[in-house]
Amino acid sequence: MQAKRKRPDMIARRGRRGSLIVALFATLALLILLMAPAMAWATGTTAPTATEEVEFVRLINQYRVANGAGPLLVSDPVALAAFKHNRDMATYGFFSHTTAKSSVFPVGSQPWDRMRATGYNYNTTMAENLAGGYPTAAEAFNAWKNSPGHNRNMLDPDFKVIGVSLFFAPDTSYGWFWTTDFGAYVDPSAHGTSTGPAPNYSTIKGDDRYLTAIMISQKAYPKGAPAVFLVKGDNFPDALAAAPLATAYGGPVILTPSTGLTPAVKDELKRLNPNKIFYIGLPAKLESELQALLPNAIIKTVRGKDRYETATMLADELKNKLGRIDKVVITPGDKFPDALSVAPLAASKGWAIMLAPATGPLPGVTSAKIKELGITKALVVGSYVKPPATVTEVVYKVGKDRYQTSAQIAVYAKSQGLSFAHVALATGENYPDALVVGPYLVPQKGILLLTQSTYLPGYINDQLIANRDGIDQLDFVGLPNGVTGQTKALLQ
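Residues numbered from 1 in each chain as written. Predicted model: local features only at pLDDT ≥ 70, side-chain atom pairs only at ≥ 80, totals over all residues. Heavy atoms only, no water.

Undergrad: Tell me what's going on with the side chain of E268, and back it up with residues and numbers.
TA: Structurally, the position occupied by E268 is in helix α8 (residues 263-272). For E268, the side chain forms a polar contact with the side chain of S217, separated by 2.7 Å. Those residues in contact with E268, other than ones at most four positions away along the chain, are I214, S217, Q218 and I254. (Helix = DSSP H or I, 4+ residues; strand = E, 2+ residues; numbered from the N terminus. Polar contact = N/O pair within 3.5 Å; in protein donor to acceptor, adjacent residues only side chain to side chain. Contact = heavy atoms within 4.5 Å.)

This is the structure we're talking about:
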C-alpha cells in the first residue's frame, strides 16, 4: 500500500551525567515499519526477523563503516522502545518524538524516557529518527541520509547500538511508520542481526607455536607438499616475507627452533615429503640435520646479511617462480604485526614483501631490488616510508595501532578480491601463530585479522560485525578461550 504522504522527523539528545541538550529537526522524520513482522521484538525475539528491519540495519552499518563510524549492534530494550512508540503513533494517531498517548509510556515521554522504561537505563547519549510513509528500508534510509540532522544521527561515532521498528497501519495518514532509536552504551543484550547460520568455527591451537604451525600445515596440506619453507620460530624478521613465495610453490611455512629440529617438526617434514626445502634465515648448522632427514630433497638456503637483504632474496625467488611481480608490499622489518596482517593479501596476489625500518628510510638494498625488478606499484603498510622514485603508484595503509592497520588491510584486501568468507583470527601481541597463516588462507582468498589475546579490539570488532553475514569459516589460531567466546557471542 502506498502511503498518502511522507514525513521524517528526528530528535537527538547530546550529553551525559545529567546535562541535556535537545536538537529537534521538524523537517524530516523516519519510522521503520513493516506489515507482518514488526511485532517480533515486542514478543521477546532476540533478533529482528522483519526483512526490512534487518535490511535497514545492514544499510546503516554499511554506510557507517564506509564513513569510519563503526557498525551498530541491535539492543533488545532499545528495539522494544522503538517498537512500542511506533505502535503508539499508529494506534493513537500522532507523529512526534513526544508521547501524546500510550498504553505503556507516560504522556510527554521523550525517546530517552522510553528507552529507560524498556530497560536501557544507562547514563549515555541517546537519539531517535522517525519517518512516515516509506514502505522499504532503502527509501527510509535514503530519506534520512539526505536530511542533515538524521544523517548526523546515523553517522554519529558515539552510537554503538540501535533499535529499529517498522509498523504498518493501513488506515492512517502515513501507512508505514519507522522509528530508529540510538544509544552509546553496549548493553548485555546487544547482538547482530543475522538470521542465517553461524559461521563454522575452528580452533587451531597446539601446545606451543611449533605444534600450532604443524596443525595448520596438516589442515592445508593433508597429502603432502612439493615445497616447505622452514623459518625461525624464535625470531621473526627473516620469515616476514616468506608467505608469497610459499604460496607460489604450494607449500607451508614451518617453524623450528634455531637450536635444532624438534621431533614433531621432523615428523611433519617427513609427512610432507617435499622435493624442495627453502631454508630461510636459519643457522648453517641445521642444514646437515635437515639433509640427513630428507636426503632426496633439494635445500635452497636464503640467508642475507640482514633481514632487509633476506627479503630481497625472497623477492628474487618469487620473480623466478612467477615470471613477474606487479606490486611490492613495503612494511616494517623492525616490528612484526603489519607484515603479518598483509601476508595473505600479498601471497594471494603474488606481491613481493620487502622490509624497511618503520620510520625509514628505505634500505639501499631494498630500493635497488625494487628498481631491478621493474616494480612500479607499491602498497606501504604500517609506515610512511617512501618507495624509490621509479614507483609511480603508492597506496598507504597506516592505522593508529596494529589493530586499526589490520582492519584497514582487511578492507583493502576485500577491494582487491579477497573475501571474508574465510577469516582467521590470531594474536597481534606475538608473531608465531599469524606468521604461518598466510599460505593457508590463500586457496579461499581468506583474510587475517589480528586481535588482542584477551578481547577483540574495536576496529576488529567492527569488521566482524560489518561482514557477519559473509563469514562462512572462522579460525581461531592459537587464541585463548576468552576471546574465542567473545567472538562467537558477537556473531551469534
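Continuing now.
Undergrad: Could you give an account of the side chain of S258, with specific residues and numbers?
TA: For S258, the location among the structural elements is in the loop between β9 (253-256) and α8. Under the relative-accessibility criterion, S258 is labelled buried at 16%. A distance of 2.8 Å separates the side chain of S258 from the side chain of D234, its partner in a polar contact. Discounting chain neighbours no more than four positions away, the residues touching S258 are K232, D234, L282, P283, K285 and L286. (Buried < 20%, exposed > 50% of the residue type's maximum accessible area, 1.4 Å probe, protein only.)

Undergrad: Can you explain the sheet that holds strand β8 (residues 227-232)? Please cite residues and give values.
TA: An order of β9-β8-β10-β11 is seen for the 4 strands of this open sheet, with the pairing classed as parallel. A strand with exactly one partner marks an edge of an open sheet, and here the two such strands are β9 and β11 (298-302). Each adjacent strand pair in this sheet contributes to an overall mean axis angle of 25 degrees, direction not counted. When strand β10 (residues 276-280) meets β11, the two strands line up parallel, connected through 5 bridges. Paired with F278 across the two strands is K300, which belongs to β11. Those strands touched by α8 are β8 and β9, and its axis lies near 155 degrees from that of β9. The strands that helix α10 (residues 307-322) touches are β10 and β11; relative to β11, the one it contacts most, it runs at about 135 degrees. (Pairing = 2+ DSSP bridges. Axes fitted to C-alpha atoms, helices over the stretch in contact; angles between N-to-C directions.)

Undergrad: Provide a residue-level description of the sheet that holds strand β17 (residues 447-451), including the pertinent values.
TA: Strand order in the open sheet made by the 4 strands is β7-β18-β16-β17, with parallel pairing throughout. Of all strands in the sheet, those with a lone pairing partner are β7 (200-204) and β17, marking the two edges. Strand-to-strand twist of the sheet, defined as the mean angle between neighbouring strand axes without regard to direction, takes the value 20 degrees. Strand direction decides the pairing type here: β7 and strand β18 (residues 473-477), joined by 5 bridges, are parallel. Each bridged residue has a counterpart across the sheet, and for Y201 the counterpart in β18 is L474. Against the sheet, helix α6 (residues 209-220) makes contact with β7 and β18, and its axis sits at roughly 135 degrees relative to β7, the strand it touches most. This element, helix α16 (residues 458-466), spans β16 (422-427) and β17 of the sheet and lies at about 140 degrees to β17.

Undergrad: Would you mind going over the pattern of salt bridges in detail, with residue names and values included?
TA: Throughout the structure, instances matching the rule amount to 10 salt bridges. The partner of E317 in a salt bridge is K300, and the shortest N-O contact between them spans 3.3 Å. Of this pair, E317 sits in helix α10 while K300 sits in strand β11, and the two are 17 residues apart along the sequence. By relative accessible area, K300 is classed as partly exposed at 32%. With its nearest N and O atoms 3.2 Å apart, the salt bridge here joins K369 to E372. Of the two residues, K369 and E372 are both situated in helix α12 (residues 364-372); the distance of 3 residues between them amounts to about one turn of the helix. By relative accessible area, which is 10% here, K369 ends up buried. By sharing partners, the salt bridges in this structure join D316, K369 and E372 into a single network. (Salt bridge = Lys/Arg side-chain N within 4 Å of Asp/Glu carboxyl O.)

Undergrad: Give me the nonpolar core: which residues, what numbers.
TA: Within the largest apolar cluster, 88 residues are counted, with the highest numbers of intra-cluster contacts made by F229, L425 and L449. At 7 residues, helix α11 (residues 337-349) tops the list of elements feeding residues into this core. For L449, the residues in contact, after removing those within four places along its chain, are S406, A410, F420, V423, A424, L425, A426, I460, Q463 and L464. Ranked by size, the runner-up nonpolar core spans 27 residues in total, among them A79, F141, L166 and F168. (Core = buried A, V, L, I, M, F, W, Y, C linked by side-chain atoms within 4.5 Å.)

Undergrad: How would you summarise helix α2 (residues 76-92) if you had to cite specific residues and measurements?
TA: Look at α2: 24 Å from first C-alpha to last across 17 residues, which is about the 24 Å you get at 1.5 Å a residue. Across the 17 residues of α2, 12 count as buried, placing the element largely inside the fold. Within the span of α2, buried status applies to P77, V78, A79, L80, A81, A82, F83, H85, N86, D88, M89 and A90. Elements that come into contact with the buried residues of α2 comprise β3 (73-74), α3 (111-117), β4 (126-132), β5 (161-168) and β6 (176-183). G93 occupies a position one or two residues after α2 and carries a positive phi of about 70 degrees. (Expected span 1.5 Å × (residues − 1).)

Undergrad: Could you give an account of a nonpolar patch on the surface, with specific residues and numbers?
TA: A surface patch of nonpolar side chains, amounting to about 300 Å² of accessible area, comprises Y384, V394 and Y396. Of note, V394 is situated in strand β15 (residues 393-397). Look at V394 and you get partly exposed, because its relative accessible area is 32%. (Patch = residues over 30% accessible without salt bridge, like charges linked within 9 Å, V, L, I, M, F, W, Y side chains within 5 Å. Areas by Shrake-Rupley, 256 points an atom, 1.4 Å probe, with all protein chains shown as cover.)

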